[in-house]
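# Geometric and topological summary
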Amino acid sequence: MLNKSLVALMMISAMLLSACENKGETYPVTGEQCGPNDPVKTLDAEDCYIPPAGV
């Protein structure tokens, strides 16, 4: 029973927190304004590649 109530609390919290997002105008952590020259727009999946250990 505790697990179900915990899951319900987490779901409600996620819904409430997502209602506060600012629709992509600023970055959520820093609060900086998003713009067309942001360097993250040029990132590709290959930029995030982490080689396996020992290679």
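What counts, and at which threshold
- Residues numbered from 1 in each chain as written.
- Predicted model: local features only at pLDDT ≥ 70, side-chain atom pairs only at ≥ 80, totals over all residues.
- Heavy atoms only, no water.
- Helix = DSSP H or I, 4+ residues; strand = E, 2+ residues; numbered from the N terminus.
- Buried < 20%, exposed > 50% of the residue type's maximum accessible area, 1.4 Å probe, protein only.
- Areas by Shrake-Rupley, 256 points an atom, 1.4 Å probe, with all protein chains shown as cover.
- Patch = residues over 30% accessible without salt bridge, like charges linked within 9 Å, V, L, I, M, F, W, Y side chains within 5 Å.
- Salt bridge = Lys/Arg side-chain N within 4 Å of Asp/Glu carboxyl O.

### What to know about the overall build of the protein
Per the secondary structure count, the protein includes 1 helix and 0 strands. The proportion of buried residues among the 55 residues of the protein is 5%. Entry remark: accessible area of the protein is about 5,400 Å², with carbon and sulfur atoms responsible for 66%.

### Some remarks on a nonpolar patch on the surface
A surface patch of nonpolar side chains, about 310 Å² in accessible area, is lined by Leu6, Leu9 and Met10. Tracing the backbone through its elements, the reader meets leucine 9 in helix H1 (residues 2-18).

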